[in-house]
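# Architecture and fold: a report
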Amino acid sequence: MNSDLEKLYVDAFRHLGGERTVPPIDVRFYPYAGLHHTIRLRSGRAYVRLSDICKDSPTEVQRALAFVLVARLLSKRTPAIHERIYRDYSLRPEVQRLSDIARRGRGRKMISTARGSVYDLDRMFARLNKRYFDGELPTPTITWSKRRTRRILGHHDRVYETITISKTLDSADVPEWFTEYILYHEMLHIKHPAKILNGRRYYHTEAFRTDERRYPRYHEAQRWLERVARQQRTARPRAA
Ligand SMILES: [Zn+2]
């Protein structure tokens with residue numbers, strides 16, 4: 001799957017491993033909570049899991065990282081040049097920023113899953129995808145929020161392609177069509193990327209709103225939102 005990446009690991013093994021046979025290598029990206037990578041040998045196979053933060057990093061950085069990880073696995077010293085390239089990359093402000101976001105957002109999110117005690121978000125997603133998107137919407141990571149957030153009922157994170165739905169909606173007191181509506185709203189964010197106008201970002205564009213009203217119980221959902229607000233005596237909760 002990541003054959004170009006795997007070649008970099010083969011190279012690193014050849015350089016650092018001496019006479020050792022190069023093991024078959026399996027490289028994957030993983031949504032770790034931070035800039036974190038792992039490498040291990042199991043049954044003669046090397047498993048590499050790279051933080052998806054560096055998914056788009058230049059080949060030079062990937063090569064450096066391959067040397068860093070293989071050296072770690074073989075208890076060898078990392079060649080200075082690779083050490084420096086990877087270090088410089090990891091200290092870049094945009095990489096640090098993504099790493100912070102991942103640490104803050106994921107450490108918790110990663111524990112929860114799409115399957116709640118009442119509703120299964122993955123199944124719900126598949127159903128909505130088929131019904132309203134011809135099954136063509138790419139599947140994001142979907143999770144219930146760890147905390148029972150009441151103001152924000154749903155959130156779509158573009159950087160990590162993650163949809164988080166408030167745990168308050170995983171309840172038998174909440175009708176399925178309402179939880180579905182919130183998920184549908186977040187799915188529309190995948191279909192309709194934000195538009196930038198005069199330096200401002202618009203998430204709920206006209207096209208977005210038009211699609212949103214196609215949800216058969218759209219108006220009922222709006223009324224439900226009002227009702228929840230009255231009960232909570234707070235501002236109307238929303239899907240972000
Ligand atoms: Zn929204």
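Residues numbered from 1 in each chain as written. Predicted model: local features only at pLDDT ≥ 70, side-chain atom pairs only at ≥ 80, totals over all residues. Heavy atoms only, no water.

## Topic: the sheet that holds strand β1 (residues 25-30)
Spatially, three strands are ordered β1-β3-β2 in an open sheet, and the strand pairing comes out mixed. Each edge of the open sheet is held by one strand with a lone partner, namely β1 and β2 (38-42). The mean inter-strand angle of the sheet, taken between neighbouring strand axes irrespective of direction, is 20 degrees. Along the sheet, helix α1 (residues 3-17) makes contact with β1 and β3 (45-51), crossing β1 at roughly 125 degrees. Of the strands in this sheet, β1, β2 and β3 touch helix α2 (residues 59-74), which is tilted by about 50 degrees from β2. (Pairing = 2+ DSSP bridges. Helix = DSSP H or I, 4+ residues; strand = E, 2+ residues; numbered from the N terminus. Axes fitted to C-alpha atoms, helices over the stretch in contact; angles between N-to-C directions. Contact = heavy atoms within 4.5 Å.)

## A few points about the nonpolar core
In terms of nonpolar packing, the biggest core is built from 33 residues, with Phe178 and Leu183 touching the most fellow members. At the level of elements, α5 (121-132), β4 (141-144), β6 (162-165), α6 (176-191) and α8 (218-232) are the ones that each hand at least two residues to this core. Among the elements that take part in this core, α6 stands out by supplying nine residues, more than any other. Phe178 has contacts with Leu153, Leu169, Ala221, Trp224 and Leu225, leaving out every residue within four places of it along the chain. Listed in part, the 31 residues of the second largest apolar core include Leu5, Phe29, Ile85 and Tyr89. (Core = buried A, V, L, I, M, F, W, Y, C linked by side-chain atoms within 4.5 Å. Buried < 20%, exposed > 50% of the residue type's maximum accessible area, 1.4 Å probe, protein only.)

## Observations concerning the environment of Arg148
Checked against the element boundaries, Arg148 lands in the loop between β4 and β5 (152-157). A residue is classified by how much of its surface remains accessible, and Arg148, at 48% relative accessible area, is partly exposed. Between the C-alpha atoms of Arg148 and Leu169, which are 21 residues apart in sequence, the distance is 8.7 Å.

## Things to note about α1
Three- or four-residue spacings in an α-helix give side chains the same orientation, since the helix completes a turn every 3.6 residues. Taking 1.5 Å per residue, 15 residues should reach 21 Å; α1 reaches 20 Å between its end C-alpha atoms and fits that length. Listed in full, the buried residues belonging to α1 are Leu5, Glu6, Leu8, Tyr9, Ala12, Phe13, Leu16 and Gly17. Viewed end-on, α1 has its buried residues packed into an arc of 150 degrees, placing them on one side of the element. Turned more than 90 degrees away from the buried face of α1, the exposed residues are Asp4, Lys7, Arg14 and His15. Tucked into the core, α1 has its buried residues touching β1, β3 and α2. Directly after α1, the chain includes Gly18, whose backbone phi takes a positive value near 60 degrees. (Expected span 1.5 Å × (residues − 1). Arc of directions from axis to C-beta.)

## Comments concerning the confidence of the model for the protein chain
Do not read the fine detail of predicted coordinates wherever pLDDT is low. Mean pLDDT over the protein chain stands at 89; residues scoring 70 or higher make up 95%. Highest mean pLDDT in the protein chain belongs to α6 (97); lowest belongs to helix α4 (residues 93-109) (76). (pLDDT = per-residue confidence, 0-100.)

## Considerations on α5
Compared with the 16 Å implied by 1.5 Å per residue over 12 residues, the 16 Å span of α5 between its first and last C-alpha is a close match. Within α5, the full set of buried residues consists of Leu121, Met124, Phe125, Leu128, Asn129 and Tyr132. Buried residues of α5, seen end-on, are gathered within an arc of 135 degrees and therefore sit on one face of the element. Seen from the buried face of α5, the exposed residues on the opposite side, beyond 90 degrees, are Arg123 and Lys130. The elements touched by buried residues of α5 are β4, β6 and α6. The distance from a side-chain oxygen at the start of α5 to the backbone nitrogen of Asp122 is 3.0 Å, and the residue carrying that oxygen is Asp120. (Polar contact = N/O pair within 3.5 Å; in protein donor to acceptor, adjacent residues only side chain to side chain.)

## So, the coordination of the zinc ion
Every protein donor of the zinc ion is listed here as His185 (NE2), His189 (NE2) and His204 (NE2), and their distances to the metal cover 2.0 to 2.1 Å. Here the donor residues for the zinc ion map to a single chain with the spacing H-x3-H-x14-H. Residue His185 is found in helix α6, and its partner His204 is found in the loop between β8 (200-202) and α7 (206-212); the two are separated by 19 residues along the sequence. Taking the relative accessible area as the measure of exposure, His185 reaches 3% and is therefore buried. (Donors = N, O, S within 2.8 Å, 3.2 Å for Na, K, Ca; no water.)

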